[in-house]
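Chain and residue survey
What follows is the residue order along each chain.
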Amino acid sequence: MRHLDVVGLTVIYGAVRAVANMSIHLDEGETVALIGPNGAGKSSLLLTIAGVVPARSGSIKLRGEDIGSASVEQRVGSGISVVPETRDIFAKLSVHENLLIGASLRRDAAVVKTDIDRMYSLFPRLAERRKQMAGFLSGGEQQMLAIGRALMARPKLLMLDEPSLGLAPIITDKVYETIAELKKSGTSILLVEQNAERAFGVCDRAYIIQAGRVTLEGSPEELAKGGLVEQALFGRAAAGIVRTSPQVETAQ
Amino acid sequence: MTFLQMLIDAASVGGLYALTAIGIGLIFGVIGLVNFAYGEYIMVGAYVLLLTAGFYWPVAVLCVLVFVVIFALASDWLVFRQVRRAPPETLMIVSFGLSFMIQYFYVMLFGSLTRTVNFLPEISRGFEVGGLRIAGVSLLQIGATLVLTAALAIFINFTRIGYQMRAVSENPRMARLVGVNSNRIIAAAFAISALLAVTVTVLFVAQTGSMTPFFGVSLTMIGFVATVIGGLGSLPGCALGGFLVGALTTLLQMLLPPDLQPFREAFVFAAVIVVLLVRPRGLIAVRSSLERV
Ligand SMILES: Nc1ncnc2c1ncn2[C@@H]1O[C@H](COP(=O)(O)OP(=O)(O)O)[C@@H](O)[C@H]1O
Ligand SMILES: [Mg+2]
């Protein structure tokens, strides 16, 4: 069953067209990667699905239901959680409060409690620092906390924006282990990455995004074959395969 | 006057300023709004007290409380929510406009004369203890400040709404992304600030027995001075600032020759300028958001 269906989505900031008529979809339980260079519009797409960035046009359907005009809160309520690129942990809240706040919309206090314990056993570093202000955590710990906070909502669709950004390889391993576990548990995952190799290790399907458009789509095996990704992202030789699109401004 | 007498006076005056400053600082901390209309919560409360002063006093206070809380929530819903994401300058000017509008609406309805009311005259009567003259209302002011400040600190640090409030203050967008209903949290902040305004109103009216449509503004100006001195956005800073301004006012009252007394506030504002020249971010460095205290 279709979990998420984005059709013809366009996002514009002032003079910048960040997402141009983009269509992607994700089936129930599927892990889909969005791969593309800086400024391609990946984060904008995620934040628009989450509801904090407005779409100019296009539709977003969750399990067949149009959520384009739903509030952020309603979207969280229907199972969408985000781990933003900037992590955005609440620096002045304790680690524990950061986890608690992830469960803001839940009313099952007792289960929330056991879920928090589960997060602490999943990320023992966080358990050691539960009383500390989250701002004092290292980058890796903050990423764990951002993931833990998102999981506290018991999401049905988890969106992760470059979860390995700026992390040491050993910590990235841990993050990807967690993603693999989640995938096994049946959570649908939309994963933004610049590191195609990492993403291919875990995803069922991937989209290559460039300048606000989808330029390639396929399974990791198809995409890895013949270096299609490298061509799409870096090569001119790919012009024949990759639909060329008018360059949008990318200021970063 | 002994030093102890001065200390009591300073603490009771300072208590009112501290409560005003905390009410202003809380709203600033949560949504970055410098709320000039805060003085109108105080002023409107005083007029409700005027109208209900004949009732048994807890009933009168309850009327004020209900009215002012609704009034503050309405100001948020009808006005501030409409400009929630506007830059701070816009927010401030909107609150300025609202403040003036309410004041002159009152002048239209009731005129601008000073009104007097005999509310709980017992508590403003003084009594002597070991050579000190203490008014009951002074003790109430000091007590209310301590109790409310402590209660607010506990609320912000140890409750669910408290940490959600800190989260909205730090990162409103992320707070929404985890499902925090930020409008509800902001409404809670307005309600608490209204509660503080009611306390100030009741104690002020009990003490002075008079009000004008403009007295809220002058209290609020002093409240602002206190928040700026203490460090806008830091609640302990606001409390400290309130007490310092109270102490300064009391000191000036003692030391200034009688013909300079009417200009006492000019000296208070001059002191603020000096403080800001030395410590541009206030005594407790300005924090852009609410934090654990
Ligand atoms: N808040 C914003 N205001 C204006 N422009 C933005 C904003 N966020 C992103 N952009 C622009 O939109 C484009 C896409 O950015 P983004 O979605 O962050 O891409 P990616 O996540 O793929 O790096 C870039 O050109 C970026 O500069
Ligand atoms: Mg990005």
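The rules behind the values
Residues numbered from 1 in each chain as written. Chains lettered and ligands numbered in written order. Predicted model: local features only at pLDDT ≥ 70, side-chain atom pairs only at ≥ 80, totals over all residues. Heavy atoms only, no water. Helix = DSSP H or I, 4+ residues; strand = E, 2+ residues; numbered from the N terminus. Rg over C-alpha atoms; globule rule 2.2 N^0.38 Å. Areas by Shrake-Rupley, 256 points an atom, 1.4 Å probe, with all protein chains shown as cover. Lys, Arg positive; Asp, Glu negative; His and termini not counted. Charge placed at Lys NZ, Arg CZ, Asp CG, Glu CD. Pairing = 2+ DSSP bridges. Contact = heavy atoms within 4.5 Å. Axes fitted to C-alpha atoms, helices over the stretch in contact; angles between N-to-C directions. 1 Å grid on protein atoms, 1.4 Å probe; cavity = no way out; pocket = protein on both sides within 12 Å on 5 of 7 lines; lining within 4 Å. Points joined across faces, edges and corners; volume = space filled by probe spheres on them. Nonpolar A, V, L, I, M, F, W, Y, C, P; charged D, E, K, R; others polar. Left-handed = near helix turned anticlockwise from the far one by under 90°. Donors = N, O, S within 2.8 Å, 3.2 Å for Na, K, Ca; no water. Polar contact = N/O pair within 3.5 Å; in protein donor to acceptor, adjacent residues only side chain to side chain. Patch = residues over 30% accessible without salt bridge, like charges linked within 9 Å, V, L, I, M, F, W, Y side chains within 5 Å. Salt bridge = Lys/Arg side-chain N within 4 Å of Asp/Glu carboxyl O. Buried < 20%, exposed > 50% of the residue type's maximum accessible area, 1.4 Å probe, protein only. pLDDT = per-residue confidence, 0-100.

**Here we look at the overall build of chain A**
Looking only at helices and strands, chain A features ten helices and ten strands. Its C-alpha radius of gyration of 18 Å places chain A within 12% of the 18 Å reference for a compact globule of 252 residues. Split by element, the accessible area of chain A, about 11,100 Å² in all, is 52% carbon and sulfur. With 29 positive and 28 negative side-chain charges, chain A shows a separation of 3 Å between the mean positions of the two kinds.

**Examining the sheet that holds strand β1 (residues 2-13) of chain A**
Residues and elements named next belong to chain A. Spatial ordering of the open sheet is given by β2-β1-β4-β5, a layout of four strands whose pairing is antiparallel. Pairing within the sheet leaves two strands with one partner each, and these edge strands are β2 (16-27) and β5 (65-66). Set on the sheet, helix α1 (residues 42-50) makes contact with β1, β2 and β4 (57-62); between it and β1 the angle comes to about 115 degrees.

**Quick word on the layout of surface pockets**
Summary: where empty space remains is shown by rolling a probe the size of a single water molecule over the atoms. Roughly 720 Å³ of internal volume is contained in the largest pocket. Forming the boundary of the largest pocket are 31 residues, of which Arg84(B), Arg85(B), Pro172(B), Arg176(B) and Ser182(B) lie nearest the centre. At the level of elements, α2 (72-77) of chain A together with α1 (3-31), α4 (88-110), α7 (160-170), α8 (172-177) and α9 (182-208) of chain B are the ones that each hand at least two residues to the lining of the largest pocket. The dominant element in the lining of the largest pocket, judged by the number of residues it contributes, is α1(B), at four residues. Residue composition of the lining of the largest pocket, by class: 14 nonpolar, ten polar and seven charged. When its volume is computed, the second largest pocket comes out at roughly 600 Å³. As for the second largest pocket, its lining consists of 26 residues, and the residues nearest its centre are Val13(B), Tyr17(B), Thr249(B), Gln253(B) and Arg264(B). Broken down by class, the residue content of the lining of the second largest pocket amounts to 13 nonpolar, ten polar and three charged.

**Section: the packing of α1(B) against helix α6 (residues 136-158) of chain B**
Residue and element names in this part refer to chain B. Following both chains from N to C, one finds α1 and α6 inclined at 35 degrees, their axes separated by 8 Å at the closest point. Seen along the crossing, α1 lies across α6 with a hand that is left-handed. Together, Ile8, Ala11, Ser12, Val13, Gly15, Leu16, Ala18, Leu19, Ile22 and Leu26 of α1 and Ser138, Gln141, Ile142, Ala144, Thr145, Leu148, Thr149, Leu152 and Ile156 of α6 make up the contact between the two elements. A class-by-class count of the residues in the contact of α1 with α6 yields 13 nonpolar, six polar and no charged.

**Digging into the coordination of the magnesium ion (ligand 2)**
The coordination sphere of the magnesium ion (ligand 2), as far as protein atoms go, consists of Ser43(A) (OG) and Glu85(A) (OE), spread over 2.0 to 2.2 Å. Here Glu85(A) lies in the loop between β6 (80-83) and α3 (95-102) and Ser43(A) lies in helix α1, a separation of 42 residues in the sequence.

**Concerning the side chain of Gln143(A)**
Mapped onto the secondary structure, Gln143(A) falls in helix α6 (residues 139-151). A polar contact is formed between the side chain of Gln143(A) and the backbone oxygen of Pro163(A), at a distance of 3.0 Å.

**Remarks on a nonpolar patch on the surface**
All names here are of chain B. Together, Phe55, Tyr56, Trp57 and Val59 make up a nonpolar patch on the protein surface, roughly 450 Å² of accessible area in all. Mapped onto the secondary structure, Trp57 falls in helix α3 (residues 57-78). Exposure remark for Trp57: the relative accessible area of 43% places this residue in the partly exposed category.

**Observations regarding empty space enclosed by the protein**
On inspection of all chains with the given rule, the structure shows two cavities of 30 Å³ or more. Lining the largest cavity are Val76(A), Ser81(A), Val82(A), Gly102(A), Arg149(A), Ala150(A), Ala153(A), Met174(B), Leu177(B) and Val178(B). Here the lining of the largest cavity is composed, by residue class, of seven nonpolar, two polar and one charged. Residue lining of the second largest cavity: Ala50(A), Val72(A), Arg75(A), Val76(A), Ile80(A), Ser81(A), Val82(A) and Leu177(B), and that is the complete set. Listed by contribution, the elements that provide at least two residues to the lining of the second largest cavity are α2 and β6 of chain A. Looking at the lining of the second largest cavity residue by residue, the classes come out as six nonpolar, one polar and one charged.

**Some remarks on the confidence of the model for chain B**
Mean pLDDT over chain B works out to 89, with 96% of the residues at or above the 70 mark. Here the predicted complex carries an ipTM of 0.89, next to a pTM of 0.89.

**Observations regarding the interface of chain B and chain A**
For interface size, the figure often reported is the accessible area lost on association. Taken together, the contacts link 22 residues of chain B with 23 residues of chain A. Summed over the shared surface of chain B and chain A, the number is one salt bridge. Ionic pairing is found between Arg166(B) and Glu97(A), a salt bridge with its closest N-O pair at 2.8 Å. Run the count over chain B and chain A and you get six residue pairs in polar contact (both at pLDDT 80 or more). Those elements that provide at least two residues to the side of chain B that touches chain A are α7 and α8 of chain B. Looking at the side of chain B that touches chain A element by element, the count peaks at six residues for α7(B). For the side of chain B that touches chain A, the class distribution of residues is eight nonpolar, seven polar and seven charged.

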